[in-house]
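# Inside the fold
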Amino acid sequence: MPTHLDNEQSIVAAAQAGDSDAFVTLLNQYGRHIYRLGLSITGNHQDAEDVLQEASLKAYRAIAEFQGNSRFYTWLVRIAVNVALGKLRKRALWKESSLDEPRESEDGSYIPLEIESWGDDPEKACMNGELQQILAGVIQKLDLKSRTIFTLRDVEKFSIEETAKLLGLSIPVVKTRLLRSRLKLREELTKYFGKDARNAMPTSHR
Amino acid sequence: MRCRQVIDKISDYLDGELDPELVRELERHLQHCEDCRVVVDTTRKTVEVFCHTEPAPLPNDVRERLNQMFRHSFRKGEPN
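Residues numbered from 1 in each chain as written. Chains lettered and ligands numbered in written order. Predicted model: local features only at pLDDT ≥ 70, side-chain atom pairs only at ≥ 80, totals over all residues.

### A short note on the overall build of chain A
- On a plain count of helices and strands, chain A comes out with ten helices and zero strands.
- Secondary structure elements of chain A, listed N to C terminal, follow the sequence α-α-α-α-α-α-α-α-α-α.
- Counting only residues that meet the buried cut, chain A has 40% of its 206 residues in that class.
- Taking contacts inside chain A between residues at least 6 apart in sequence as the whole, the part at least 24 apart equals 63%. (Helix = DSSP H or I, 4+ residues; strand = E, 2+ residues; numbered from the N terminus. Buried ≥ 20, exposed ≤ 12 C-beta atoms within 10 Å, placed from the backbone. Contact = placed C-beta atoms within 7 Å.)

### Structural notes on the overall build of chain B
- Counting its secondary structure elements, chain B contains four helices and zero strands.
- The order of α-helices and β-strands along chain B, N terminus first, is α-α-α-α.
- The C-alpha atoms of chain B give 23 Å as radius of gyration, which overshoots the globular expectation for 80 residues (12 Å, by more than 25%).
- Overall, chain B is about 65 × 25 × 15 Å in size when its C-alpha atoms are taken along their principal axes.
- Per-residue burial over chain B gives 22% buried out of 80 residues. (Rg over C-alpha atoms; globule rule 2.2 N^0.38 Å.)

### Overview of the interface of chain B and chain A
- Counting from both sides, the interface comprises 31 residues of chain B and, opposite them, 39 residues of chain A.
- Those elements that place two or more of their residues in the side of chain B that touches chain A are α1 (3-14), α3 (34-52) and α4 (60-75) of chain B.
- Top element by residues in the side of chain B that touches chain A is α3(B). It accounts for twelve residues.
- For the side of chain B that touches chain A, the class distribution of residues is 18 nonpolar, seven polar and six charged. (Nonpolar A, V, L, I, M, F, W, Y, C, P; charged D, E, K, R; others polar.)

### Observations regarding α1(B)
All names here are of chain B.
- For α1, which comprises twelve residues, the first-to-last C-alpha distance of 16 Å matches the rise-based estimate of 16 Å (1.5 Å per residue) to within 8%.
- Among the residues of α1, those classed as buried are Val 6, Ile 7, Lys 9, Ile 10 and Ser 11.
- In the segment just after α1, Gly 16 is the residue with positive phi, at about 70°. (Expected span 1.5 Å × (residues − 1).)

### What about the packing of helix α8 (residues 144-155) of chain A against helix α10 (residues 171-193) of chain A?
Residue and element names in this part refer to chain A.
- For the pair α8 and α10, interaxial distance at closest approach is 9 Å and the crossing angle is 90°. Here α10 runs roughly perpendicular to α8, going by the angle between their axes. Packed against α8, whose contacting residues are Lys 145, Ser 146, Arg 147, Ile 149, Phe 150 and Arg 153, the element α10 presents Val 174, Arg 177, Leu 178, Arg 180 and Ser 181 at the interface.
- The residue makeup of the contact of α8 with α10, split by class, is four nonpolar, two polar and five charged. (Axes fitted to C-alpha atoms, helices over the stretch in contact; angles between N-to-C directions. Parallel < 35°, antiparallel > 145°, perpendicular 65-115°, else oblique.)

### Some remarks on the domain arrangement of chain A
All names here are of chain A.
- Considered domain by domain, chain A is made up of domain 1 (8-94) and domain 2 (97-199).
- Sorting the residues of the side of domain 1 that touches domain 2 by element identifies α2 (20-42), α4 (72-90) and α5 (93-96) as the ones contributing at least two each.
- The class makeup of the residues in the side of domain 1 that touches domain 2 is eight nonpolar, two polar and one charged. (Domains from an automatic or database assignment.)

### Describing the confidence of the model for chain A
Residue and element names in this part refer to chain A.
- A residue-level look at chain A finds 86% of positions with pLDDT of 70 or above and a mean pLDDT of 84.
- Within chain A, helix α3 (residues 45-62) carries the highest mean pLDDT (95), whereas α5 carries the lowest (59).
- Per-residue pLDDT stays below 50 along residues 202-206; that stretch engages in seven contacts with residues further than four places along the chain or on separate chains. (pLDDT = per-residue confidence, 0-100.)

### As for the confidence of the model for chain B
Residue and element names in this part refer to chain B.
- Looking at chain B, the pLDDT average stands at 90 and 94% of residues meet or exceed 70.
- Least confident of the elements in chain B is α4, whose mean pLDDT is 87; most confident is helix α2 (residues 20-32), at 96.
- Across the interface, the model reports ipTM at 0.88; the global pTM reads 0.84.

### Here we look at the nonpolar core
- Of all hydrophobic cores here, the largest spans 54 residues; its most connected members are A:Ile34, A:Val51, A:Ala55, A:Leu76, A:Ala80 and A:Ala84.
- Broken down by element, the residue count for this core peaks at ten residues, all from α4(A).
- Inspection of this core shows a minimum of three residues originating in each of domain 1 (8-94) and domain 2 (97-199) of chain A.
- Ignoring any residue separated from it by four or fewer positions in sequence, one finds A:Leu76 in contact with A:Tyr30, A:Ile34, A:Ala55 and A:Ala59.
- Listed in part, the nine residues of the second largest apolar core include B:Cys36, B:Val38, B:Val39 and B:Val40. (Core = buried A, V, L, I, M, F, W, Y, C linked by C-beta atoms within 7 Å.)

This is the structure in C-alpha coordinates:
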(Lines give C-alpha, C1' and ligand atoms only; values in the text may rest on other atoms or scores of the structure.)
Protein backbone atom coordinates (compact mmCIF):
# COMPACT_ATOMS: atom_id res chain seq x y z
CA MET A 1 0.00 0.00 0.00
CA PRO A 2 1.43 3.41 -0.90
CA THR A 3 2.35 5.85 1.84
CA HIS A 4 0.05 8.71 2.79
CA LEU A 5 0.61 12.11 1.27
CA ASP A 6 1.66 14.68 3.83
CA ASN A 7 -1.46 16.61 4.87
CA GLU A 8 -3.61 14.18 2.88
CA GLN A 9 -6.74 14.98 4.87
CA SER A 10 -6.64 18.61 3.85
CA ILE A 11 -5.91 17.69 0.20
CA VAL A 12 -8.93 15.37 0.21
CA ALA A 13 -11.03 18.11 1.86
CA ALA A 14 -9.94 20.57 -0.83
CA ALA A 15 -10.83 18.06 -3.56
CA GLN A 16 -14.22 17.58 -1.91
CA ALA A 17 -14.72 21.33 -1.99
CA GLY A 18 -14.20 21.25 -5.77
CA ASP A 19 -10.47 22.01 -6.03
CA SER A 20 -9.48 20.05 -9.15
CA ASP A 21 -5.73 20.55 -8.54
CA ALA A 22 -6.11 18.80 -5.20
CA PHE A 23 -7.75 15.86 -6.93
CA VAL A 24 -4.91 15.72 -9.48
CA THR A 25 -2.42 15.65 -6.58
CA LEU A 26 -4.18 12.58 -5.19
CA LEU A 27 -4.18 10.96 -8.59
CA ASN A 28 -0.47 11.66 -9.09
CA GLN A 29 0.20 9.86 -5.83
CA TYR A 30 -1.99 6.83 -6.43
CA GLY A 31 -2.50 6.53 -10.20
CA ARG A 32 0.34 4.08 -10.81
CA HIS A 33 -0.87 1.84 -7.99
CA ILE A 34 -4.34 1.75 -9.51
CA TYR A 35 -2.85 1.02 -12.94
CA ARG A 36 -0.84 -1.89 -11.52
CA LEU A 37 -3.92 -3.20 -9.75
CA GLY A 38 -5.89 -3.03 -13.01
CA LEU A 39 -3.05 -4.75 -14.85
CA SER A 40 -2.83 -7.55 -12.28
CA ILE A 41 -6.55 -8.23 -12.41
CA THR A 42 -7.27 -7.82 -16.11
CA GLY A 43 -3.91 -8.99 -17.45
CA ASN A 44 -3.60 -6.40 -20.19
CA HIS A 45 -2.52 -2.78 -20.52
CA GLN A 46 -5.56 -1.51 -22.41
CA ASP A 47 -7.95 -2.75 -19.73
CA ALA A 48 -5.63 -1.45 -17.01
CA GLU A 49 -5.80 2.01 -18.56
CA ASP A 50 -9.60 1.79 -18.80
CA VAL A 51 -9.75 0.78 -15.14
CA LEU A 52 -7.56 3.74 -14.18
CA GLN A 53 -9.62 6.20 -16.20
CA GLU A 54 -13.04 4.93 -15.16
CA ALA A 55 -12.13 4.54 -11.48
CA SER A 56 -10.55 8.01 -11.38
CA LEU A 57 -13.57 9.60 -12.97
CA LYS A 58 -15.97 7.78 -10.65
CA ALA A 59 -13.88 8.84 -7.65
CA TYR A 60 -13.83 12.45 -8.88
CA ARG A 61 -17.60 12.50 -9.29
CA ALA A 62 -18.24 10.79 -5.94
CA ILE A 63 -15.55 12.36 -3.77
CA ALA A 64 -18.11 14.44 -1.85
CA GLU A 65 -19.52 11.12 -0.57
CA PHE A 66 -16.15 9.96 0.79
CA GLN A 67 -16.65 9.87 4.56
CA GLY A 68 -13.05 9.56 5.68
CA ASN A 69 -13.71 6.33 7.58
CA SER A 70 -10.89 4.63 5.67
CA ARG A 71 -7.84 5.91 3.84
CA PHE A 72 -8.63 7.69 0.59
CA TYR A 73 -6.51 5.07 -1.17
CA THR A 74 -8.60 2.20 0.24
CA TRP A 75 -11.72 3.92 -1.01
CA LEU A 76 -10.15 4.40 -4.45
CA VAL A 77 -9.06 0.75 -4.60
CA ARG A 78 -12.60 -0.40 -3.84
CA ILE A 79 -13.85 1.64 -6.78
CA ALA A 80 -11.10 0.33 -9.06
CA VAL A 81 -11.70 -3.31 -8.10
CA ASN A 82 -15.40 -2.92 -8.83
CA VAL A 83 -14.65 -1.35 -12.21
CA ALA A 84 -12.15 -4.10 -13.10
CA LEU A 85 -14.41 -6.94 -12.01
CA GLY A 86 -17.38 -5.30 -13.69
CA LYS A 87 -15.47 -5.44 -16.97
CA LEU A 88 -14.54 -9.07 -16.50
CA ARG A 89 -18.01 -10.07 -15.32
CA LYS A 90 -19.40 -8.62 -18.50
CA ARG A 91 -17.13 -11.00 -20.37
CA ALA A 92 -18.16 -13.80 -17.98
CA LEU A 93 -14.52 -14.39 -17.10
CA TRP A 94 -15.03 -14.18 -13.36
CA LYS A 95 -17.61 -16.97 -13.24
CA GLU A 96 -15.62 -19.29 -15.44
CA SER A 97 -12.45 -18.77 -13.47
CA SER A 98 -11.26 -21.89 -11.75
CA LEU A 99 -8.06 -22.98 -10.11
CA ASP A 100 -5.66 -23.68 -12.92
CA GLU A 101 -4.11 -27.10 -12.93
CA PRO A 102 -3.71 -27.53 -9.22
CA ARG A 103 -1.14 -30.16 -8.41
CA GLU A 104 -3.00 -31.85 -5.64
CA SER A 105 -2.63 -35.08 -3.82
CA GLU A 106 -5.72 -37.22 -3.28
CA ASP A 107 -6.60 -35.40 -0.06
CA GLY A 108 -6.45 -32.02 -1.79
CA SER A 109 -3.07 -30.82 -0.50
CA TYR A 110 -0.75 -28.87 -2.76
CA ILE A 111 2.55 -30.58 -3.48
CA PRO A 112 5.56 -28.31 -4.01
CA LEU A 113 7.86 -29.40 -6.83
CA GLU A 114 10.63 -26.80 -6.83
CA ILE A 115 12.55 -27.18 -3.61
CA GLU A 116 15.54 -24.95 -3.97
CA SER A 117 16.66 -22.09 -1.77
CA TRP A 118 17.10 -18.67 -3.37
CA GLY A 119 20.44 -16.98 -3.95
CA ASP A 120 20.50 -13.19 -3.64
CA ASP A 121 17.29 -11.48 -2.60
CA PRO A 122 15.28 -10.62 -5.73
CA GLU A 123 15.74 -6.90 -5.02
CA LYS A 124 19.50 -7.40 -5.25
CA ALA A 125 19.44 -9.92 -8.09
CA CYS A 126 17.84 -7.62 -10.64
CA MET A 127 17.04 -4.00 -11.23
CA ASN A 128 13.69 -2.62 -10.17
CA GLY A 129 12.24 -2.38 -13.68
CA GLU A 130 13.15 -5.99 -14.42
CA LEU A 131 11.73 -7.15 -11.12
CA GLN A 132 8.43 -5.40 -11.86
CA GLN A 133 8.33 -7.14 -15.23
CA ILE A 134 9.01 -10.56 -13.71
CA LEU A 135 6.35 -10.08 -11.02
CA ALA A 136 3.77 -8.84 -13.53
CA GLY A 137 4.52 -11.88 -15.70
CA VAL A 138 4.33 -14.58 -13.03
CA ILE A 139 1.14 -13.26 -11.49
CA GLN A 140 -0.61 -13.92 -14.80
CA LYS A 141 0.11 -17.62 -14.31
CA LEU A 142 -2.65 -17.59 -11.71
CA ASP A 143 -6.29 -17.83 -12.70
CA LEU A 144 -8.33 -14.62 -12.50
CA LYS A 145 -9.95 -15.18 -9.12
CA SER A 146 -6.72 -16.28 -7.48
CA ARG A 147 -4.66 -13.40 -8.82
CA THR A 148 -7.31 -10.89 -7.76
CA ILE A 149 -7.27 -12.33 -4.24
CA PHE A 150 -3.48 -12.41 -4.16
CA THR A 151 -3.22 -8.83 -5.46
CA LEU A 152 -5.62 -7.45 -2.87
CA ARG A 153 -4.14 -9.38 0.03
CA ASP A 154 -0.41 -9.54 -0.68
CA VAL A 155 0.23 -6.59 -2.97
CA GLU A 156 -2.30 -4.09 -1.63
CA LYS A 157 -2.28 -5.47 1.93
CA PHE A 158 -6.00 -5.68 2.54
CA SER A 159 -6.92 -8.11 5.31
CA ILE A 160 -8.35 -11.53 4.51
CA GLU A 161 -11.76 -10.30 5.72
CA GLU A 162 -11.65 -7.14 3.61
CA THR A 163 -10.55 -9.13 0.56
CA ALA A 164 -13.40 -11.60 1.04
CA LYS A 165 -15.90 -8.77 1.43
CA LEU A 166 -14.64 -6.86 -1.60
CA LEU A 167 -14.96 -9.92 -3.81
CA GLY A 168 -18.11 -11.41 -2.32
CA LEU A 169 -16.30 -14.63 -1.42
CA SER A 170 -16.17 -16.61 1.80
CA ILE A 171 -13.13 -16.39 4.07
CA PRO A 172 -12.23 -20.11 3.62
CA VAL A 173 -12.29 -19.69 -0.18
CA VAL A 174 -10.01 -16.64 0.07
CA LYS A 175 -7.63 -18.47 2.39
CA THR A 176 -7.44 -21.60 0.23
CA ARG A 177 -6.82 -19.62 -2.94
CA LEU A 178 -4.29 -17.40 -1.23
CA LEU A 179 -2.29 -20.39 0.00
CA ARG A 180 -2.25 -21.99 -3.44
CA SER A 181 -1.40 -18.69 -5.11
CA ARG A 182 1.53 -18.08 -2.80
CA LEU A 183 2.83 -21.60 -3.36
CA LYS A 184 2.45 -21.38 -7.11
CA LEU A 185 4.12 -17.97 -7.30
CA ARG A 186 6.91 -19.27 -5.07
CA GLU A 187 7.56 -21.99 -7.63
CA GLU A 188 7.45 -19.57 -10.54
CA LEU A 189 9.86 -17.17 -8.81
CA THR A 190 12.19 -20.04 -7.88
CA LYS A 191 12.75 -20.45 -11.62
CA TYR A 192 14.24 -16.93 -11.56
CA PHE A 193 15.79 -16.66 -8.12
CA GLY A 194 16.65 -20.25 -7.16
CA LYS A 195 20.36 -20.83 -6.62
CA ASP A 196 20.62 -22.88 -9.82
CA ALA A 197 18.29 -20.70 -11.85
CA ARG A 198 20.72 -18.23 -13.39
CA ASN A 199 19.59 -19.10 -16.93
CA ALA A 200 16.10 -17.84 -16.27
CA MET A 201 17.33 -14.36 -15.31
CA PRO A 202 16.94 -11.46 -17.73
CA THR A 203 19.83 -11.43 -20.22
CA SER A 204 21.69 -8.55 -18.62
CA HIS A 205 22.02 -10.47 -15.35
CA ARG A 206 23.07 -13.87 -16.57
CA MET B 1 3.57 -32.60 12.17
CA ARG B 2 4.19 -33.98 8.67
CA CYS B 3 5.47 -32.12 5.61
CA ARG B 4 2.04 -32.00 3.99
CA GLN B 5 0.51 -30.35 7.05
CA VAL B 6 3.30 -27.78 7.09
CA ILE B 7 2.51 -26.85 3.47
CA ASP B 8 -1.20 -26.55 4.31
CA LYS B 9 -0.44 -24.18 7.17
CA ILE B 10 2.22 -21.98 5.54
CA SER B 11 -0.14 -19.09 4.85
CA ASP B 12 -1.54 -18.96 8.38
CA TYR B 13 1.96 -19.34 9.78
CA LEU B 14 3.36 -16.46 7.69
CA ASP B 15 0.35 -14.28 8.52
CA GLY B 16 0.81 -14.93 12.24
CA GLU B 17 -2.64 -16.51 12.40
CA LEU B 18 -1.62 -19.98 13.49
CA ASP B 19 -2.47 -21.26 16.94
CA PRO B 20 0.67 -21.02 19.20
CA GLU B 21 0.68 -24.76 19.82
CA LEU B 22 0.70 -25.43 16.06
CA VAL B 23 3.44 -22.84 15.60
CA ARG B 24 5.62 -24.78 18.04
CA GLU B 25 4.87 -28.06 16.24
CA LEU B 26 5.57 -26.52 12.85
CA GLU B 27 8.84 -24.99 14.00
CA ARG B 28 9.92 -28.27 15.57
CA HIS B 29 9.33 -29.88 12.19
CA LEU B 30 11.36 -27.19 10.43
CA GLN B 31 14.33 -27.84 12.69
CA HIS B 32 14.85 -31.25 11.15
CA CYS B 33 13.29 -30.88 7.67
CA GLU B 34 15.46 -29.00 5.21
CA ASP B 35 12.90 -29.20 2.37
CA CYS B 36 10.13 -27.61 4.41
CA ARG B 37 12.54 -24.93 5.65
CA VAL B 38 13.30 -24.02 2.05
CA VAL B 39 9.61 -23.95 1.06
CA VAL B 40 8.66 -21.80 4.07
CA ASP B 41 11.59 -19.44 3.53
CA THR B 42 11.00 -18.97 -0.21
CA THR B 43 7.24 -18.55 0.30
CA ARG B 44 7.97 -15.80 2.80
CA LYS B 45 10.32 -14.16 0.31
CA THR B 46 7.66 -14.45 -2.40
CA VAL B 47 5.13 -12.54 -0.33
CA GLU B 48 7.76 -9.96 0.64
CA VAL B 49 8.96 -9.27 -2.87
CA PHE B 50 5.41 -8.60 -4.08
CA CYS B 51 4.51 -6.31 -1.21
CA HIS B 52 7.83 -4.39 -1.24
CA THR B 53 8.13 -3.72 -4.97
CA GLU B 54 6.94 -0.29 -5.99
CA PRO B 55 4.83 -0.07 -9.16
CA ALA B 56 6.46 1.42 -12.24
CA PRO B 57 5.58 5.05 -13.03
CA LEU B 58 2.58 5.40 -15.32
CA PRO B 59 3.57 5.12 -18.99
CA ASN B 60 3.75 8.64 -20.47
CA ASP B 61 0.95 8.08 -22.98
CA VAL B 62 -1.34 6.67 -20.27
CA ARG B 63 -0.65 9.67 -18.02
CA GLU B 64 -1.26 12.08 -20.88
CA ARG B 65 -4.61 10.51 -21.80
CA LEU B 66 -5.66 10.56 -18.14
CA ASN B 67 -4.77 14.24 -17.85
CA GLN B 68 -6.62 14.95 -21.07
CA MET B 69 -9.73 13.22 -19.76
CA PHE B 70 -9.62 15.31 -16.60
CA ARG B 71 -8.97 18.57 -18.39
CA HIS B 72 -12.10 17.80 -20.38
CA SER B 73 -14.11 17.01 -17.20
CA PHE B 74 -12.84 20.12 -15.41
CA ARG B 75 -13.78 22.29 -18.37
CA LYS B 76 -17.28 20.88 -18.27
CA GLY B 77 -17.37 21.90 -14.62
CA GLU B 78 -17.85 18.38 -13.27
CA PRO B 79 -18.74 17.19 -10.75
CA ASN B 80 -20.94 20.19 -9.84
